[in-house]
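Structure assessment
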Amino acid sequence: MNLRIGSRGSQLALWQANHIAALLRTRGNSVEIEIIKTTGDRLQEVTFAQVGSKGMFTKEIEEALAEGRVDLAVHSLKDLPTELPAPFTLAATPPRVDPRDVLVSVKYHSLHALPQGAVVGTSSQRRRAQLLAIRPDIQAVEFRGNVDTRLRKLAEGQVDAILLAAAGLDRLEKTEWLRERLEPNLFCPAAGQGSLGIETRKDDARTMSAIAFLNDPATRFAVTAERAALAALGGGCQVPIGIHCRVAPQDEAGEWQEVFAVVADPATGKAVRIHHESRRSEIEPIALGRLAAKMLLDAGGGPLLQATSHPSPGASA
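A quick note: this is a predicted structure, and the numbers were derived from the prediction, not measured. Numbers given for residues are sequential positions, taken from 1 along each chain in its written order. Only residues with pLDDT of at least 70 get local features here, since the model is predicted, and only at 80 or more are side-chain atom pairs given and counted; chain-wide, interface and lining totals rely on the full set of residues. Heavy atoms from the whole structure form the basis of all side-chain values; hydrogens and water molecules are not counted.

Strands here are runs of E lasting at least two residues and helices are runs of H or I lasting at least four, both read from the DSSP assignment and numbered beginning at the N terminus. Relative to the helices and strands, Arg-126 is located in helix H5 (residues 125–134). At 3.3 Å, the side chain of Arg-126 and the side chain of Gln-193 are in polar contact. Distance and chemistry together define a polar contact, namely a pair of N or O atoms within 3.5 Å, with one atom able to donate a hydrogen and the other to accept it when in protein, and with adjacent residues in sequence counting only for side-chain atoms on both sides.

Dropping the structure here:
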């Protein structure tokens, strides 16, 4: 069948769209990609806080989907609001790649090796808050732009380091200055980080059937739990919440999963963290996410959320 993919025009977004297109073609489909410019793409020099974040990387793509100009949209899952508009559904989540945040630097090999008072670029309140919690001496500055733009600014010496998602650098093979992959127990990723989300119209059974083979159950379980926790906490990535679910590393059979979550204040670095392990067979992913959210609130995260919350959840970090 003929399938039309809606995608942003950034290098990473097109890599993702072409990756999915190639997989669909292996099943005999004819695939086209339509590039759609979003609000977030047009406002590269404006901070997320200034424009609000809900749907800033998805609204125009969803309009094309609703109008039937495209059949599916390929997103970085962390860009998708936890609640999709009524006509749409998250039809598939392909296998996740490295979900971690990374430190990228020309000169310094780790976060702890950065000099006193170092300047680090990031557009994410979540990253800014956790950075401050670990290194209160570091100055975090607003850093927007695509991967190439951020790497160019780093090379020019505008900052000592930048924080990015491992997935984007790995996919684009731009890891020359990737110095440290930050573990979730110390630096918790955004909900859905490292995963793609394929969005379709709910009533388009034909397209949903064609892409069903792309869905990875283990990834689906993890990101469903993460997004449920984020929804329960009332946050998007401009509220400084990290939430990550994975199979426990010591469990080769994959029967146990663990969840890390954090809420932190980007002004002070004060942070509340939780860690929980459970048998996968004993709890559904939405219930697991809600449990993680409750644990975070019970541990004292509520006041931090009230102090740092943004009224527009659901955009990219």
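Positive phi, normally seen in glycine, also occurs at Glu-173, with a value near 55°. Among the secondary structure elements, Glu-173 is positioned in the loop between helix H7 (166–172) and strand S9 (178–182). Only protein chains enter the accessibility calculation, which uses a 1.4 Å probe; a residue is then buried when its area is under 20% of its type maximum, exposed when over 50%, and partly exposed in between. We classify Glu-173 as exposed; its relative accessible area is 70%.

Let us now look at the pattern of salt bridges. Every case where a carboxyl oxygen of Asp or Glu lies within 4 Å of a side-chain nitrogen of Lys or Arg is listed as a salt bridge. Enumeration over the complete set of coordinates arrives at 21 salt bridges. For Arg-8, the salt bridge identified is with Asp-79, shortest N-O distance 3.6 Å. Taken as a pair, Arg-8 in the loop between strand S1 (2–7) and helix H1 (11–25) and Asp-79 in the loop between strand S3 (72–76) and strand S4 (88–92) lie far apart in primary sequence, 71 residues in all. With relative accessibility at 16%, the residue Arg-8 sits in the buried group. We note a salt bridge from Arg-69 to Glu-34, for which the minimum N-O separation is 2.8 Å.

Further remarks concern the sheet that holds S4. A pair of strands counts as paired when DSSP detects no fewer than two bridges linking them. The strand order across the open sheet formed by five strands is S2-S1-S3-S10-S4, and the pairing between neighbours is mixed. Every other strand in the sheet has two partners, leaving strand S2 (30–35) and S4 as the edge strands with one partner each. In this sheet, neighbouring strand axes are inclined to one another by 35° on average, regardless of whether the strands run parallel or antiparallel. Pairing between S1 and S2: six bridges, direction parallel. Here an angle of 0 to 180 degrees is reported between the N-to-C directions of two axes, which are lines fitted to C-alpha atoms, with helices fitted over the stretch in contact.

Attention shifts here to the environment of Arg-179. Considering the arrangement of structural elements, one finds Arg-179 in strand S9. Should any heavy atoms of two residues lie within 4.5 Å, those residues are considered in contact. Once residues within four sequence positions are removed from consideration, Arg-179 is found in contact with Leu-103, Ser-105, Val-106, Tyr-108, His-109 and Ser-110.

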